[in-house]
Structure formats: C-alpha cells, structure tokens
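The lines below spell out each chain.
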Amino acid sequence: MVTNQISEFRDLEFPLPTRNAMVFQIYAVLSRAFDRNVPASDPPSYKGVALGGFGTGAIQSLMLTPVELVKIRLQLQRRSIPDNNNQITSYRGPTDVARSIFKQEGWKGIYRGLTITVLRDAPAHGLYFWTYEYVREKLHPGCRKNGQESFRTMLIAGGLAGVASWISCYPVDVIKTRLQAQSQSTPSRYSGIVDCFRRSVKQEGYSVLWRGLGTAVARAFVVNGAIFTAYETALRFFFSNNNNNNNHANIETENTF
C-alpha cells in the first residue's frame, strides 16, 4: 500500500545551503524585532530568540510547502507500482509535477498542506534556535555576548537543537506527509488534519507517529551541529575581516594628518 510507504519520504533535516541562508537571515531580523528593549550590543533575549524562530518557521512554510508537495509526489511515483486497476501518472521531473498540480487544482493544490506545515515548522524553529542559544550559553558561559565559544560547543549545541526540534515536530510531520500525498486524481483517505491523525493511529497505532525517529534524530544531530558550526565560523571570519579593514582604514587616516 502506498499509504504504508509514506513515512519513508519525510525530510530528516533542515537541508540546502540556500534555504539555511534564508532561515538564518530571517531569524536574525525577527529575533531583534520581537524584543526591541535589548540593546544592539547585547545578544537577543531568549524570548526574542524563541519568537524569532517561531516567525521564521511560519514564513519559511510559505516557500517550503510547494517544494515539499512536489517532492512527496515524485517520491510516491518512484515507490508506487501500478496494478491492473490503478494507473500511476508519470512525471518527467519537479517542473512537470508542479505544472500538473497547478493545472488540476490551482493555487489551492500547490499550497496543499500549508496549515500543517506552519504547525510543524513554526514551533519547531522556535525550539530549534532557543535550544541552541540556551545550550551554548550553558556549555560556555558568556559566549552569547563575546562569541568565543569553542567548536565543540557549537557542534553539541547545534546537534541538540536539531534533535529537540525534530522530536517536537515529528508526529506532525507524519500527518503532513500523508495529507500532501493526496491529490484530486486519487480518492482522498483523509478529510483533514484531525481525521488523518485519528485514522493513522487507529489503523497503525501510536507508534506510526514515531516510525523512523531514531534515524532522523541521528542525522539531525550531525547535520545541525555542522550547520551551526559553519554559520558561527563564517560570522567570525566576516566580522574579523571587517574589523581588520576598519582598523587599517583608521590607521591610514591618522597617518595622513
């Protein structure tokens, strides 16, 4: 059954350099915007971090929903084997999938699953960034302000942030994937989020909501530890070069007088 295969198609990390760059930039703006009482010289408050992450996840969902919908449809096509009674639509690639969905279902079809994607990503990103900031400060007190934490601290804090966020949103991701696997060309098994949850649990037990969690958590720790380490290292590099250039410019200015 196709439905029993759906749990294999979930994203297991926050992937892609372009997407990560977008997420971190939006978070940097929102974490300040949600708590303007904190001076610019100080790190964002934990409240600003959590709310900034929450907002980042919600905004990201607007761009991510169509992408994940197309991905799920393609993966279902590759894993599904047509029988004598069912004809599987053959897609030539992501563009063909998107064009087909838009032609048959319009914008509503392209954004199928938007609500549950927001329910998954907004809280998960809030917890994601809050966990990272909290853990790295505990491991290396004062590092949020001076930015001098070790690579070990970055790796552990980033890894735990990924683990915490995935554990918190994993059951929701299972439901999201099953809902997005439906289309107008096939009979709908679920009428909505609550119905999908009830039917899935009734037919397969609560364990279906956590199927594959071990693999997801292991990958999340490694991937997100690397992501935060790369991000913090890049910030150090750029700020260091900027400070050096400013100091050099100041010295030249002083020498001219």
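Here the structure is shown first, and the text comes after it.
Note that residues are indexed from 1 along each chain, following the sequence as it is written. Selection of residues for local features in this predicted model requires a pLDDT of at least 70, selection of side-chain atom pairs for listing and counting requires 80 or more, and totals for whole chains, interfaces and linings are taken over all residues. Heavy atoms throughout the structure, all of them, feed into the side-chain values; hydrogens and water do not.

J.: Help me understand the overall build of the protein chain, please; the structure alone is not making it clear to me.
T.: When helices and strands are tallied, the protein chain shows nine helices and zero strands. When the helices and strands of the protein chain are listed from N to C terminus, the series reads α-α-α-α-α-α-α-α-α. Here the protein chain holds 257 residues, and 44% of them are scored as buried. The contact criterion used throughout is that any non-hydrogen atoms of two residues lie within 4.5 Å. Long-range pairs, those at least 24 residues apart, make up 74% of the contacts in the protein chain with a sequence separation of at least 6. The Shrake-Rupley method, run with a 1.4 Å probe sphere, supplies the accessible areas, and residue values consider only the shown protein chains as cover. Approximately 14,200 Å² of the protein chain is accessible, and the part contributed by carbon and sulfur atoms is 60%. In this text, helices come from DSSP runs of H or I with a minimum length of four residues, and strands from runs of E with a minimum of two, each type numbered from the N-terminal end. Using a 1.4 Å probe on the protein chains alone, a residue whose accessible area is under 20% of its type maximum counts as buried, one over 50% counts as exposed, and one in between counts as partly exposed.

J.: In this structure, what is going on with the side chain of Glu133? I would like to understand it.
T.: With respect to the secondary-structure elements, Glu133 resides in helix H5 (residues 114-139). A distance of 3.1 Å separates the side chain of Glu133 from the side chain of Arg136, its partner in a polar contact. Under this definition, polar contacts are N or O atom pairs within 3.5 Å; protein pairs additionally need one hydrogen-donor-capable and one acceptor-capable atom, and for neighbouring residues in sequence, both atoms have to be side-chain atoms.

J.: Help me out: how do you make sense of the layout of surface pockets in this one?
T.: To find leftover empty space, a probe the size of one water molecule is rolled over the atoms. In this structure, the second largest pocket spans a volume of roughly 670 Å³. Cavities and pockets were defined on a 1 Å grid built from protein atoms only: a cavity is a group of points that admits a 1.4 Å probe but offers it no way out, a pocket is an open group of points flanked by protein on both sides within 12 Å along at least five of seven lines, and a lining residue is one with an atom within 4 Å of any such point. Contributing to the lining of the second largest pocket are 29 residues, with Arg136, Arg144, Glu232, Leu235 and Phe239 lying nearest its centre. Elements with a minimum of two residues in the lining of the second largest pocket: helix H2 (17-33), H5, helix H6 (143-146) and helix H9 (213-256). With eight residues, H9 is the largest single contributor of residues to the lining of the second largest pocket. When the residues that make up the lining of the second largest pocket are grouped by side-chain class, the tally is 13 nonpolar, seven polar and nine charged. Grid points are joined across faces, edges and corners, and a volume is the space filled by probe spheres set on the points. Only Asp, Glu, Lys and Arg are considered charged in this grouping, and only Ala, Val, Leu, Ile, Met, Phe, Trp, Tyr, Cys and Pro are considered nonpolar; every other residue, Gly among them, is considered polar.

J.: Would you explain the packing of aromatic side chains in this entry?
T.: Aromatic rings considered in pairs are described by the distance between their centres and by the relative angle of their planes. Aromatic pairs are defined between Phe, Tyr and Trp rings, using the six-membered ring for Trp, whenever the two ring centres lie within 6.5 Å; interplanar angles under 30 degrees are classed as stacked, those over 60 as edge-to-face, and all others as tilted. Across all of its chains, the model carries 14 aromatic pairs by this definition. On the numbers, 5.6 Å between centres and 90° between planes, the contact of Phe24 with Phe129 is edge-to-face. With Phe24 in helix H2 and Phe129 in helix H5, this residue pair connects regions lying 105 residues apart in the sequence. Residue classification places Phe24 among the buried residues on the basis of a relative accessible area of 5%. A network of ring pairs unites the aromatic residues Phe24, Tyr27, Tyr128, Phe129, Tyr132, Phe228 and Tyr231 as a single cluster. Cation over ring: Arg144 sits above Tyr46, and NZ or CZ is 4.7 Å from the ring centre. We call a charge positioned over a ring when the NZ of a Lys or the CZ of an Arg lies within 6 Å of the ring centre and within 35 degrees of the ring normal.

J.: Is there a simple way to think about the environment of Cys169 in this case?
T.: Mapped onto the secondary structure, Cys169 falls in helix H7 (residues 151-180). Judged by its relative accessible area of 5%, Cys169 is buried. Between the C-alpha atom of Cys169 and that of Leu119, which follows or precedes it by 50 residues, the distance is 8.5 Å. Excluding anything up to four places from it in sequence, Cys169 contacts Arg120 and Ala124.

J.: Even after reading the chapter, I still don't get helix H4 (residues 94-110), so can you show me in this structure?
T.: One turn of an α-helix holds 3.6 residues; hence residues three or four places apart share an orientation. What a helix should span is 1.5 Å times the count of its residues minus one. Spanning 17 residues, H4 covers only 12 Å between terminal C-alpha atoms, well under the ideal 24 Å at 1.5 Å per step. Within the sequence span of H4, burial applies to Asp96, Val97, Ser100, Ile101, Glu105, Gly106, Gly109 and Ile110.

J.: I'm lost on the pattern of salt bridges in this one. Help?
T.: Two side chains of opposite charge can pair, provided their charged atoms sit close to one another. A pair is scored as a salt bridge if a Lys or Arg side-chain nitrogen falls within 4 Å of a carboxyl oxygen belonging to Asp or Glu. Under the criterion given, the structure shown has 15 salt bridges. Its salt-bridge partner being Glu68, residue Arg120 comes within 3.1 Å of it at the nearest N-O pair. Of this pair, Arg120 sits in helix H5 while Glu68 sits in helix H3 (residues 46-79), and the two are 52 residues apart along the sequence. The residues Arg120 and Glu68 share a single accessibility class, namely buried. In this structure, Arg136 engages Glu149 in a salt bridge whose closest nitrogen and oxygen atoms are separated by 2.5 Å. Here Arg136 is found in helix H5, whereas its partner Glu149 is found in the loop between H6 and H7, with 13 residues between them in sequence. The class for Glu149 is buried, based on a relative accessible area of 2%.

J.: Can you walk me through a nonpolar patch on the surface in this structure?
T.: Residues forming no salt bridge and having over 30% relative accessible area are the ones grouped into patches, like charges within 9 Å of each other and nonpolar side chains (Val, Leu, Ile, Met, Phe, Trp, Tyr) within 5 Å. Taken together, the side chains of Tyr46, Trp130 and Tyr134 define a hydrophobic patch exposed on the protein surface, amounting to about 260 Å² of accessible area. Tracing the sequence through the fold places Tyr46 in helix H3. Look at Tyr46 and you get partly exposed, because its relative accessible area is 30%.

J.: Help me out: how do you make sense of the nonpolar core in this one?
T.: Across soluble globular proteins, nonpolar side chains show a tendency to be buried alongside one another. Only buried residues count toward a nonpolar core. Its members are Ala, Val, Leu, Ile, Met, Phe, Trp, Tyr and Cys residues joined through side-chain atoms within 4.5 Å. Grouped together as the largest cluster of nonpolar side chains are 13 residues, with contacts concentrated most on Phe24, Tyr128, Phe129, Tyr132, Ala161 and Phe228. A per-element tally of this core places H5 first, with four residues. In this view, Tyr132 contacts Glu149, Met154, Ala157, Gly158, Ala161, Phe228 and Glu232; residues no more than four positions away in its chain are not counted.

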